[in-house]
Amino acid sequence: MLRYNSGDTAWVLASAALVLFMTPGLAIFYGGMVRRKNVLAMLMQNFVTMAIVGLAWVWFSYSLAFGPDWGGLGLLGDFRFAALSHISGAIPGMAHQSVPQLAFVAFQMMFAVITAALLTGSSADRLGFAAFCIFVLVWSVVVYDPIAHWVFSPNGWLAKKGTEDFAGGTVVEITSGVSGAALALVVGPRRGWPRELMRPHNVPLSVLGAGILWFGWFGFNAGSALSAGRAVEAFINTNTSTAAALLAWLVVEKLRDGRPTTLGAASGAVAGAVAITPACGFVNTVGATVIGLVAGAACALAVSLKFKFGVDDSLDVLAVHGVGGFIGTLMVGLFGVSAVSGANGLFYGGGFALLGRQALAVLVAVSWAFCATAAVAWAIHKVVGMRVGPDEELAGLDVSLHEESAYDFEAMGSGGVSSRAFITGPEARPAAGKD
Amino acid sequence: MRLVTAVIKPFRLQEVQEALRSAGVVGMTVSEVHGYGRQRGHTEVYRGAEYRVDFVPKVRIDVVCEDDEADRVVEVVEEAARTGKIGDGKIWVVAVEELVRVRTGERGAAAL
């Protein structure tokens, strides 16, 4: 007879909703950074990912990621939980869990959704809509579900080796970052990049998006405790690292470019939340602060690398999520402290053992994400062609793919409603009757 | 009749508008335009990448007036728009052949 804790269950369900909200937050974060003609296409890709991956998850992906292990190899789950059948029992490998399996299904669904959604950032402004839908479904099943099984399922082979990944530094962050770069490499750069100006069209949107991500990340990280009682360290560490990374990014900008920027503050916050993701339940305040500082500075420096390598990772998914996830996952091996939970890292007398296990997980995640994503993207690109035509790309995806435009601020053809008033004070009103 | 066109710094618009009203000018058309002269543009930085923005936002004012009022209109705009710093803009004057008030069909100076 399974006994559930109502407080834990309530927290996990609330966290699932928080994490769901991160995907529209990401859409807004990215939507602000693309050019005006492509903002709806960006929002649309993210929104439709919520639908596609959300359905795939309940029908078969959850079972592949968390179902009973296929052959005991720790590579993939079987189809026992397809369409959420046979799901009244305990989560495989987590018999002690105090939440019903369906709450866990909902919570993990949101992880699968946002990891796939992150790929929209690296391939922005050039993918056809149908091709994107096919890609995101295939990618989620072929690339995400296996690595989620390896690390997140206690029956996965990396989990059995003692990899510590509290909320997805490898599964979500490294996987999305490296996969994003592979996708950008396969489909090629935006037309005109890097010669043409492609500056963000609405930075306030991006700042709002980063704020929504920061908010949702409490569910993402602290929810991963799967217990309201054990969520508190992860909760506070999430904020500490995010804050430290925000400041570190601004310091790098001040020293390198002369000015701290608003987009830099937003990006730094995201980098800090990314880096603490694998570590949030394993480190103390010192660890969370150092991880945030290192990630904020490193990601701020990494964003210019794409120009050196000539890969148009348009919105820096690799530089923020890949690099941030890499730093956070490795630094668990330095700052992990058993007083919080898990094993001791190098700085707390644990020697190199944990650091070695973390390095193995990083190596596996990087290799898997790059090779598997490149293969999936290449195959779909060959069969259906992932990119829109040159005319459609120049006209912008909003009009070309969706026959919509994001903003209508034009007076022309409207009902004469003025969007601005130059005149202040009653004395400035034009005198009547002179006409 | 003359058409006086001024391209000025956006934040001087209210000054210019009030000065023209004080000088008895009863109407004008304004539009948001972009361009550069000697001022050239500026740079913006997003995630460490520097973007050169050549086309600076300006406001364009068009005023149609009688021939003998044109010099006065130019002077008023010039005074009100000047900050003394680079990028204050330009004013030019061209002759207008015909003017029509759409509502009444009045022609020429009567339509002013």
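In this text, all values refer to a predicted model and were calculated from it rather than measured experimentally.

1. A look at helix α5 (residues 129–152) of chain A
Consideration 1: A:Ser140 marks where α5(A) bends most, by close to 35°.
Consideration 2: Extensive coverage of α5(A) is indicated by the burial of 17 of its 24 residues.

2. A short note on the confidence of the model for chain A
Residues and elements named next belong to chain A.
Consideration 1: The pLDDT averaged across chain A works out to 94; a share of 94% of its residues lies at or above 70.
Consideration 2: Ignoring residues within four places in sequence, the model shows residues 421–426, a span with pLDDT below 50, making eight contacts including any to other chains.
Consideration 3: Low pLDDT, under 50, characterises residues 428–435; the stretch is placed with six contacts to residues that sit more than four places away or in other chains.

3. Some points on the interface of chain B and chain A
Consideration 1: Between chain B and chain A, the contact holds 18 residues from the first and 25 residues from the second.
Consideration 2: Buried surface at the junction of chain B and chain A, summed over both partners, amounts to about 1,800 Å²; 54% is from carbon and sulfur atoms.
Consideration 3: Looking only at chain B, the three residues that lose the most surface to chain A are B:Tyr46, B:Arg47 and B:Tyr51, adding up to 41% of its buried area.
Consideration 4: Our count for the contact surface shared by chain B and chain A stands at two salt bridges.
Consideration 5: Viewed at the interface, chain A and chain B are joined by four residue pairs in polar contact (both at pLDDT 80 or more).
Consideration 6: Listing elements by their share of the side of chain B that touches chain A, those giving two or more residues are α1 (13–22), β2 (29–35), β3 (42–46) and β4 (49–53) of chain B.

4. Digging into empty space enclosed by the protein
Residue and element names in this part refer to chain A.
Consideration 1: Evaluation of the coordinates by the stated rule reveals one cavity of 30 Å³ or more.
Consideration 2: In this structure, the largest cavity spans a volume of roughly 50 Å³.
Consideration 3: Together, Met-22, Leu-26, Ile-114, Leu-118, Val-172, Glu-173, Leu-213, Trp-217, Phe-220, Val-270 and His-321 line the largest cavity.
Consideration 4: Elements with a contribution of two residues or more to the lining of the largest cavity: α1 (6–33), α7 (169–187) and α8 (203–222).
Consideration 5: No other element matches α8, which puts three residues into the lining of the largest cavity.

Each value, and the rule that gives it
- Residues numbered from 1 in each chain as written.
- Chains lettered and ligands numbered in written order.
- Predicted model: local features only at pLDDT ≥ 70, side-chain atom pairs only at ≥ 80, totals over all residues.
- Heavy atoms only, no water.
- Bend = angle between axes of the 7 residues up to and from the residue.
- Helix = DSSP H or I, 4+ residues; strand = E, 2+ residues; numbered from the N terminus.
- Buried < 20%, exposed > 50% of the residue type's maximum accessible area, 1.4 Å probe, protein only.
- pLDDT = per-residue confidence, 0-100.
- Contact = heavy atoms within 4.5 Å.
- Buried area = accessible area lost by both parts, 1.4 Å probe.
- Salt bridge = Lys/Arg side-chain N within 4 Å of Asp/Glu carboxyl O.
- Polar contact = N/O pair within 3.5 Å; in protein donor to acceptor, adjacent residues only side chain to side chain.
- 1 Å grid on protein atoms, 1.4 Å probe; cavity = no way out; pocket = protein on both sides within 12 Å on 5 of 7 lines; lining within 4 Å.
- Points joined across faces, edges and corners; volume = space filled by probe spheres on them.

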